[in-house]
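# Close look at the chain arrangement
The residues making up each chain are set out below.
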Amino acid sequence: MAAENASHRFERLAPTPGECEVAGRPSRAEVLDYWEERFGVEREVFDDFSFWEKGAGKLWVTACDVPDGLAVESLGLTFLRTRQEHWKPTTNAVQRFGRHASRNVIELPQAAAKRFLAGEDQPVEWDGDWGYLICAHELAGAVEPVGVGLYLHGELRSMVPKGSRRDL
Amino acid sequence: MDALDRYEPVIEEFDAFREACARSLPSVVRVNGIKADAERASDALEAEGVRVRRREWNDAVIELDARKPGNTWAYVHGWIHGQEEVSAVPAAVLDPEPGDAVWDACAAPGSKTTQLADLLGDEGLVVANDDNLGRLAALRSNAERLGATCVAVTNEDARRFTLDGFGIDAFDAVLADVPCTCEGTIRKNADALDGAGAEASRKIGRLQADILRRAVALTRPGGTVVYSTCTFAPEENEAVVDAVLAAGGVELRAFDVGLVAAEGLTEWAGESFDDSLSKAKRFYPHQNDTGGFFCAKFEVTA
């Protein structure tokens with residue numbers, strides 16, 4: 001019988017799908033595949049980080065080297081939602097690791113970046129993949145990721161969480 | 001007549017102290033090195049029309065002419081964090097090394113936690129504890145916004161905290177930035193002195209000493225413990241440090257963060273404290289145009 005997800009403890013992702021004992025839990029290899037295939041983030045970027053699940057489909061990333069099964073309120077950052085068919089990175093994960101992305105990054109003009117941050121949906125010119133994109137803009141001389149957008153039918157939907165939205 | 005009058009015998013330039021306490025604080029932020037350096041953060045702020053002034057004592061601390069630094073792209077990206085200047089002192093004094101295991105015993109809302117994570121280069125472990133569940137949300141949200149991946153948040157009574165489950169025997173460094181009467185926040189909280197006084201301070205002093213004892217107990221020999229408060233009250237500062245020194249196993253160490261400060265007191269209200277308390281520091285509002293603060297640095301010797 002497959003082990004169950006223990007919702008009050010942090011459980012480390014198994015290295016590969018074959019070693020995973022919890023039904024529906026992705027492995028580290030699959031998480032690395034996702035960032036590499038979807039956003040072009042090289043696997044080495046995550047060499048010093050481990051991935052954990054607490055709550056079904058809620059993955060965390062941490063630089064802490066702690067034993068499996070730790071019962072704490074949080075461990076590093078929330079990182080990736082894997083419950084739905086299409087995985088979704090969190091805003092904070094994209095801000096922390098999105099600088100390493102080379103694919104599916106849409107650079108928004110400043111006015112569009114402000115609308116995105118305010119939580120607005122807007123039409124955009126984009127001839128790449130549909131689905132979740134890293135939305136970025138130029139800031140202090142470089143392109144910086146702001147958050148996650150969902151691109152469908154010519155429209156970019158802002159996935160910025162309500163509490164983080166701002167009208168600059 | 002208020003709770004600050006009793007400090008006249010120990011504070012030099014007491015009139016200037018009084019005047020400073022009556023002024024509002026400058027708007028100061030700490031740059032989050034996990035995401036950007038002070039140069040880029042300053043550039044981003046200036047591009048939005050915010051004038052910045054770097055502080056000499058600490059590269060990461062900058063003064064803004066904006067009252068609401070939260071309404072800037074630099075804030076949205078987690079490059080800056082609104083943090084009173086003197087509140088950046090204790091983590092700088094603790095000064096942990098990348099890879100260290102650090103305990104922030106009373107961590108919410110996380111300004112010092114995230115500064116510690118930054119000083120670790122986001123490598124190692126910061127266990128950020130707070131007993132107040134309501135304040136944990138702010139702690140978690142600040143750690144997330146600032147991208148601090150080396151932080152584990154716990155919700156325990158610091159006096160009974162254990163290392164169970166963490167896979168380590170002791171911390172390398174501990175920050176005991178304890179709950180206090182907060183007299184030193186008078187420049188931002190007009191009611192900071194309500195209920196303040198020697199009696200209130202003696203009462204909370206017992207809790208503070210218990211937390212500091214736990215901090216010492218969980219630190220490895222050779223490790224560092226920093227004790228800090230944002231109050232002027234000797235009953236919560238020197239008296240607490242003195243009680244913990246008397247139990248042995250720790251010594252005070254001198255430090256200099258580059259801000260003007262007065263020495264810790266070695267006597268107060270007829271009571272005398274260990275001579276080494278002069279190594280502790282009192283930061284007064286008129287010295288650096290900040291809030292008030294107390295900080296002591298211990299080395300655990302056994």
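Residues numbered from 1 in each chain as written. Chains lettered and ligands numbered in written order. Predicted model: local features only at pLDDT ≥ 70, side-chain atom pairs only at ≥ 80, totals over all residues.

### Here's the deal with the overall build of chain A
Helices and strands together make up the secondary structure of chain A, namely 3 helices and 11 strands. For chain A, the N- to C-terminal ordering of α and β elements is β-α-β-β-β-β-β-α-β-α-β-β-β-β. For a compact globule of 168 residues, the expected C-alpha radius of gyration is about 15 Å, and chain A comes in at 17 Å, within 12% of that figure. Each principal axis of the C-alpha distribution contributes one length, and for chain A these read about 50 × 30 × 25 Å. For chain A, buried positions account for 38% of its 168 residues. Counting only contacts in chain A whose residues sit at least 6 apart along the sequence, the fraction spanning at least 24 positions is 51%. (Helix = DSSP H or I, 4+ residues; strand = E, 2+ residues; numbered from the N terminus. Rg over C-alpha atoms; globule rule 2.2 N^0.38 Å. Buried ≥ 20, exposed ≤ 12 C-beta atoms within 10 Å, placed from the backbone. Contact = placed C-beta atoms within 7 Å.)

### Remarks on the domain arrangement of chain A
All names here are of chain A. Per the domain assignment, the segments making up chain A are domain 1 (11-89) and domain 2 (104-159). Between domain 1 and domain 2, the C-alpha centre-to-centre distance is 25 Å. Across the boundary between the two partners, domain 1 contributes 5 residues, which contact 5 residues of domain 2. Listing elements by their share of the side of domain 1 that touches domain 2, those giving two or more residues are helix H1 (28-39) and strand E6 (88-89). Class assignment of the residues belonging to the side of domain 1 that touches domain 2 gives a composition of 2 nonpolar, 1 polar and 2 charged. (Domains from an automatic or database assignment. Nonpolar A, V, L, I, M, F, W, Y, C, P; charged D, E, K, R; others polar.)

### Some remarks on the interface of chain A and chain B
Chain A puts 28 residues into the contact, and the matching count from chain B is 27 residues. Looking at the side of chain A that touches chain B, the elements with two or more residues in it are strand E3 (58-62), strand E4 (74-75), strand E5 (77-81), helix H2 (91-97) and strand E10 (142-152) of chain A. In terms of residue count, H2 of chain A provides more of the side of chain A that touches chain B than any other element does, 3 residues in total. Looking at the side of chain A that touches chain B residue by residue, the class counts come to 16 nonpolar, 7 polar and 5 charged. Pairing between E4 of chain A and strand E7 (residues 151-154) of chain B: 2 bridges, direction antiparallel. Pairing of Ser74 of chain A across the sheet is with Val153 of chain B, part of E7 of chain B. (Pairing = 2+ DSSP bridges.)

### Thoughts on the sheet that holds strand E7 (residues 105-107) of chain A
Residues and elements named next belong to chain A. Strand order across the open sheet formed by 5 strands is E7-E9-E10-E11-E8, with mixed pairing between neighbours. In this open sheet, the two edge strands, each paired with only one partner strand, are E7 and strand E8 (122-123). Across 2 bridges, E8 lies against strand E11 (residues 155-158) in antiparallel orientation. Note on E11: the bridge partner recorded for Pro123 is Glu155.

### Let's talk about the domain arrangement of chain B
All names here are of chain B. In terms of domain boundaries, chain B breaks down into domain 1 (5-25 + 86-300) and domain 2 (26-83). Here the C-alpha centre of domain 2 lies 24 Å away from the C-alpha centre of domain 1. Tallying the contact residues gives 19 residues for domain 1 and 13 residues for domain 2. Where the side of domain 1 that touches domain 2 is concerned, the elements lending two or more residues are helix H5 (111-119) and helix H6 (133-145). Per-element tally for the side of domain 1 that touches domain 2: the top contributor is H5, with 5 residues. Within the side of domain 1 that touches domain 2, the residues separate by chemical class into 8 nonpolar, 7 polar and 4 charged.

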